[in-house]
Amino acid sequence: MAKSELQKTLKAKARKETKKNLKNNWILYIFLLPAVVYIAMFHYGPMYGLILAFKNYKGSLGILGSPWVGTRWFTTFFKSPLFSRLIRNTLVISFYQLIVGFPMPIILAIMLNYINNVFFKKFAQTLTYIPYFISTVILVSMMTLFFSPNSGFVNTIIKSLTGMKDGIYFMGTSKYFRHMYVWSGVWQGTGYSAVIYIAALAGVSMELHEAAIIDGASIWKRIWHIDIPSILPTIVILLVMQCGSIINVGYEKVLLMQNALNRDVSEVISTYVYNVSFPTDGSAPNYGYSTAIGLLNNVINFIILIIANTVANKLTGSGLW
Amino acid sequence: MAVHKSHIKPSTSDRVFNIINHTLMIIIVIIMFYPLWYILCASMSDGKYAQNGSVLLFPVGWNFLGYKECFRTGKIWMGYLNTIIYTVCGTALGVFCSILAGYSLSRKDLPGGGIIMKLFVFTMYFGGGTIPYYIIIKNLGLLDTRLMMILQGTITVYNIILIRSYFVQSLPPDLKEAADIDGCNNTTFLFKIAIPLSKAIIAVVTLYLAVSYWNSYFWAMIFLRDESKAPLQIILRQILLVSSNASGDQNMDPQALAALNKMRETLKYAVIIVATIPIIAMYPFIQKYFVQGVMIGSIKG
């Protein structure tokens, strides 16, 4: 009896507290208003628009007025001859990018950590993240210019080394597309992504290193037994985040790199959604169909993120949530 | 820092490590730097040499025709102006709104704050996708407007979380209590105490937003029809990527065509330089806050 009374008083007290907070802090809700309106309009609005995936959208009828078609668009997509190719292209690029792109910043950060000369270290660090500020349009243009079979310097070098007459058309050959995509990303993103590991490494205790040196541990041993374990939580969190976007291949770059010659490997789910929605040949776009594919993409992503996070939590005790 | 001064002499394996490490680092620096250097050289070279591949280490046939052509092209200036408008307005609006929201959400005594935060974070991992977004924008009548170019991406949940975490870490509850006793209300506290203490995070969010506005092309490509509103990246795409396959007018006399192609080649390099310098130039001013901001970003929301 006494316990429930106590609970009642506590509840009443909490309610009073909330009331007081509401009265004192109403201005905070005004502060929040722009962000809430923005997120509601531009993020939750489109989520409501997802019902288009189950409708045959007609612009004149609006989202609500368009007739329902059930799961027709999903079956169309599953049965489409493109389906398996899109999935394969998307997964191959994603995993290639993850396997190459993920360890690079860690390696760079550790390498920078063992550069003796302070000036050279600063210089190298600054230089490696300049490419991050270059836009995708310019990055792809640079690739087009540098790897051009006639005038690009890469082919000039290849020609002079091998005596080949015609250069290699890197941007218009299917078998080079994935390498070009992934390695240009490495060039652009490694320095920037390394910053976080560099900061984490700077936090590693000096005493650990000193003790290890006195015990005669080599640099390799110190990297393996001190540095890597210390930054492991950071590595895990970033890996989980990357897994969450595993099938979200950066469509901006792919779209710019895409041409008729490499489409068989460059068409991924997200670019397909774009190409179906905004056809260049003047045919009518099918918004229902492309929304359905987009939804499928997002749901798979979300599930992978949850799995990755659960696994990370189980294994290391650290995850996104 | 990590190479610690010690009275113990480095072992052979450590010396080998250091040699390999420094050599590799020099190679990495060259790989990072060379493409940028090459563009700079090619932009100041004669188009003929830029085209036949003789420019490798230094400008050949020194001239500035590419830049001249670049400054003469009205479209580039228009794109520049549009991009500046979108970047300045969008960044200012975004920083302001994110600070307001981040501050409110950093307060423990805000009833409902936790739920709002969860609803915000959810949108980072799940969204409607391109087409529903496009249709919403269309229904709002924001298609092909400058307003949409400013609103696009102005408030991001990521930035709000950054600011919120910063406030939670750097503003001790005692500070607010002391201010309360002095009769300082929420608005005064935010603008007179919290914001002046948060220059680092404001600098980082400004940098993030400005870079994303300056470099974005995708949504402009989808939302804009009217070329006079096109930002710089759209114009760049036309000059650098779309026109690269065009070989000019068939009826043109071959000599003029060759000259035109030569011009186009250096113009491309000059345009890259002109379009990239402003955003890189911004970086040194913000550099000292940058690492701090990235660190805050790594702490989960």
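Residues numbered from 1 in each chain as written. Chains lettered and ligands numbered in written order. Predicted model: local features only at pLDDT ≥ 70, side-chain atom pairs only at ≥ 80, totals over all residues. Heavy atoms only, no water.

1. A few points about the overall build of chain B
Here is step 1 of the chain: Within chain B one finds 14 helices and zero strands.
Here is step 2 of the chain: Along the chain direction, N to C, the helices and strands of chain B fall in the order α-α-α-α-α-α-α-α-α-α-α-α-α-α.
Here is step 3 of the chain: By residue count, 49% of the 301 residues in chain B fall in the buried class.
Here is step 4 of the chain: Sequence separation of at least 24 residues holds for 73% of the intrachain contacts in chain B that already meet a minimum separation of 6. (Helix = DSSP H or I, 4+ residues; strand = E, 2+ residues; numbered from the N terminus. Buried < 20%, exposed > 50% of the residue type's maximum accessible area, 1.4 Å probe, protein only. Contact = heavy atoms within 4.5 Å.)

2. Quick notes on the overall build of chain A
Here is step 1 of the chain: Within chain A, the secondary structure is distributed over 16 helices and zero strands.
Here is step 2 of the chain: For 321 residues, the compact-globule estimate of 2.2 N^0.38 gives 20 Å, and chain A exceeds it by more than 25% at 27 Å.
Here is step 3 of the chain: Overall, chain A is about 95 × 75 × 35 Å in size when its C-alpha atoms are taken along their principal axes.
Here is step 4 of the chain: At a minimum sequence separation of 6, the contacts of chain A that also span at least 24 residues come to 62%.
Here is step 5 of the chain: Of the roughly 16,000 Å² of accessible surface on chain A, a fraction of 67% belongs to carbon and sulfur atoms. (Rg over C-alpha atoms; globule rule 2.2 N^0.38 Å. Areas by Shrake-Rupley, 256 points an atom, 1.4 Å probe, with all protein chains shown as cover.)

3. Brief notes about the interface of chain A and chain B
Here is step 1 of the chain: Between chain A and chain B, the contact holds 93 residues from the first and 100 residues from the second.
Here is step 2 of the chain: When the two sides are added together, the surface that chain A and chain B hide from each other amounts to roughly 9,200 Å², 76% of it contributed by carbon and sulfur.
Here is step 3 of the chain: Along the contact surface separating chain A from chain B lie zero salt bridges.
Here is step 4 of the chain: Here chain A and chain B share 19 residue pairs in polar contact (both at pLDDT 80 or more) between them.
Here is step 5 of the chain: With 17 residues, the single largest contributor to the side of chain A that touches chain B is helix 2 (residues 26-48) of chain A.
Here is step 6 of the chain: Residue composition of the side of chain A that touches chain B, grouped by class: 66 nonpolar, 24 polar and three charged. (Buried area = accessible area lost by both parts, 1.4 Å probe. Salt bridge = Lys/Arg side-chain N within 4 Å of Asp/Glu carboxyl O. Polar contact = N/O pair within 3.5 Å; in protein donor to acceptor, adjacent residues only side chain to side chain. Nonpolar A, V, L, I, M, F, W, Y, C, P; charged D, E, K, R; others polar.)

4. Structural notes on the packing of aromatic side chains
Here is step 1 of the chain: Evaluation of the coordinates by the stated rule reveals 46 aromatic pairs over all chains.
Here is step 2 of the chain: A centroid spacing of 6.4 Å and a plane angle of 85 degrees characterise the contact between A:Tyr272 and A:Tyr289, whose relative ring orientation is edge-to-face. Of the two residues, A:Tyr272 is situated in helix 15 (residues 269-277) and A:Tyr289 in helix 16 (residues 287-316); the sequence distance between them amounts to 17 residues. Summarising the burial analysis for this pair, A:Tyr272 and A:Tyr289 share the class buried.
Here is step 3 of the chain: Sitting over the face of the ring of A:Trp73, A:Arg72 holds its NZ or CZ atom 4.7 Å from the ring centroid.
Here is step 4 of the chain: Here B:Lys176 stacks its cationic end above the ring of B:Phe189, 5.4 Å away from the centre of that ring. (Phe/Tyr/Trp six-rings, centres within 6.5 Å; stacked < 30°, edge-to-face > 60°. Lys NZ or Arg CZ within 6 Å of the ring centre and 35° of its normal.)

5. Considering the pattern of salt bridges
All names here are of chain B.
Here is step 1 of the chain: Counted according to the given criterion, the structure contains five salt bridges over all chains.
Here is step 2 of the chain: The residue Lys229 makes a salt bridge to Asp144 at a minimum N-O spacing of 4.0 Å. Here the residue Lys229 occupies a position in the loop between helix 12 (218-223) and helix 13 (232-242), and Asp144 occupies one in the loop between helix 6 (130-139) and helix 7 (146-151), the gap between them amounting to 85 residues.
Here is step 3 of the chain: Of the charged contacts in the structure, one is a salt bridge between Lys229 and Asp226, with a shortest N-O distance of 3.7 Å.
Here is step 4 of the chain: A single network of salt bridges, built from pairs that share partners, joins Asp144, Asp226 and Lys229.

6. Points about the nonpolar core
Here is step 1 of the chain: If you look at the biggest cluster of nonpolar residues, it comprises 170 residues, and the most contacted ones within it are A:Phe146, B:Phe223 and B:Phe290.
Here is step 2 of the chain: Looking at which element gives the most residues to this core, the answer is helix 10 (residues 174-202) of chain A, with 14 residues.
Here is step 3 of the chain: Counting contributing residues, this core receives three or more from each of domain 1 (1-44) and domain 2 (72-316) of chain A.
Here is step 4 of the chain: Discounting chain neighbours no more than four positions away, the residues touching B:Phe223 are B:Tyr133, B:Tyr134, B:Ile137, B:Leu143, B:Asp144, B:Met148, B:Met149 and B:Gln152.
Here is step 5 of the chain: Of all hydrophobic cores here, the second largest spans 18 residues; its members include A:Met47, A:Trp73, A:Tyr272 and A:Val273. (Core = buried A, V, L, I, M, F, W, Y, C linked by side-chain atoms within 4.5 Å. Domains from an automatic or database assignment.)

7. Remarks on a nonpolar patch on the surface
Here is step 1 of the chain: Judged by side-chain polarity, A:Ile157, A:Leu161, B:Leu56, B:Leu57 and B:Phe58 come together as a nonpolar surface patch covering roughly 510 Å² of accessible area.
Here is step 2 of the chain: If you trace the backbone, A:Leu161 turns up in helix 9 (residues 153-162).
Here is step 3 of the chain: Overall, A:Leu161 belongs to the exposed group, its relative accessible area being 69%. (Patch = residues over 30% accessible without salt bridge, like charges linked within 9 Å, V, L, I, M, F, W, Y side chains within 5 Å.)

8. Quick notes on the environment of B:Lys176
Residues and elements named next belong to chain B.
Here is step 1 of the chain: Inspection of the secondary structure assignment puts Lys176 in helix 9 (residues 173-181).
Here is step 2 of the chain: Lys176 sits in the buried class, given a relative accessible area of 14%.
Here is step 3 of the chain: Counting along the chain gives 107 residues from Lys176 to Glu69, while the straight-line C-alpha distance between them is 58 Å.
Here is step 4 of the chain: Ignoring sequence-local partners within four residues, the contact set of Lys176 consists of Tyr103, Arg107, Cys184, Asn186 and Phe189.

9. Quick word on the domain arrangement of chain A
Here is step 1 of the chain: Under the domain assignment, chain A is made up of domain 1 (1-44) and domain 2 (72-316).
Here is step 2 of the chain: Measuring from the centre of the C-alpha atoms in domain 1 of chain A to the corresponding centre in domain 2 of chain A gives 43 Å.

10. What to know about helix 10 of chain A
Here is step 1 of the chain: Helix length check: helix 10 of chain A (29 residues) gives 42 Å between terminal C-alpha atoms against 42 Å at 1.5 Å per residue, within 8%.
Here is step 2 of the chain: Maximum bend of helix 10 of chain A: about 45 degrees, positioned at A:Gly189. (Expected span 1.5 Å × (residues − 1). Bend = angle between axes of the 7 residues up to and from the residue.)

11. Focus on the confidence of the model for chain A
Parts of the model with low pLDDT should not have their predicted coordinates read in detail.
Here is step 1 of the chain: With 98% of its residues at a pLDDT of at least 70, chain A reaches an overall mean of 87.
Here is step 2 of the chain: Mean pLDDT across the elements of chain A ranges from a minimum in helix 1 (residues 2-24) of chain A, with 78, to a maximum in helix 6 (residues 103-113) of chain A, with 94. (pLDDT = per-residue confidence, 0-100.)

12. Points about the confidence of the model for chain B
Here is step 1 of the chain: Averaged over every residue, the pLDDT of chain B is 84; residues scoring 70 or more account for 89%.
Here is step 2 of the chain: Averaged pLDDT values over the elements of chain B bottom out at 72 in helix 2 (residues 47-52) of chain B and peak at 95 in helix 7 of chain B.

13. A short note on the packing of helix 4 (residues 74-106) of chain B against helix 8 (residues 157-170) of chain B
All names here are of chain B.
Here is step 1 of the chain: Between helix 4 and helix 8, the least distance of the axes is 8 Å, while the angle of their chain directions is 50 degrees. Judged by the angle between their axes, helix 4 and helix 8 are oblique. Between helix 4 and helix 8 lies a crossing whose hand is right-handed. Packed against helix 4, whose contacting residues are Ser98, Ile99, Ala101, Gly102, Tyr103, Leu105 and Ser106, the element helix 8 presents Asn159, Ile160, Ile163, Arg164, Phe167 and Val168 at the interface. (Axes fitted to C-alpha atoms, helices over the stretch in contact; angles between N-to-C directions. Parallel < 35°, antiparallel > 145°, perpendicular 65-115°, else oblique. Left-handed = near helix turned anticlockwise from the far one by under 90°.)

14. Regarding the side chain of A:Asn89
Here is step 1 of the chain: Counting through the fold element by element, A:Asn89 comes out in helix 5 (residues 82-101).
Here is step 2 of the chain: With sequence-adjacent residues up to four places away left out, A:Asn89 is seen in contact with A:Arg178, A:Asp264, A:Val265, A:Ser266, A:Glu267 and A:Val268.

15. Overview of the packing of helix 12 (residues 219-244) of chain A against helix 1 (residues 12-43) of chain B
Here is step 1 of the chain: Where helix 12 of chain A contacts helix 1 of chain B, the two axes come as close as 8 Å, and the packing angle between them is 80 degrees. What the angle tells us is that helix 12 of chain A and helix 1 of chain B run roughly perpendicular. Along its contact with helix 12 of chain A, which presents A:Ile219, A:Trp220 and A:Ile223, the element helix 1 of chain B presents B:Asp14, B:Phe17 and B:Asn18.
Here is step 2 of the chain: When the residues that make up the contact of helix 12 of chain A with helix 1 of chain B are grouped by side-chain class, the tally is four nonpolar, one polar and one charged.

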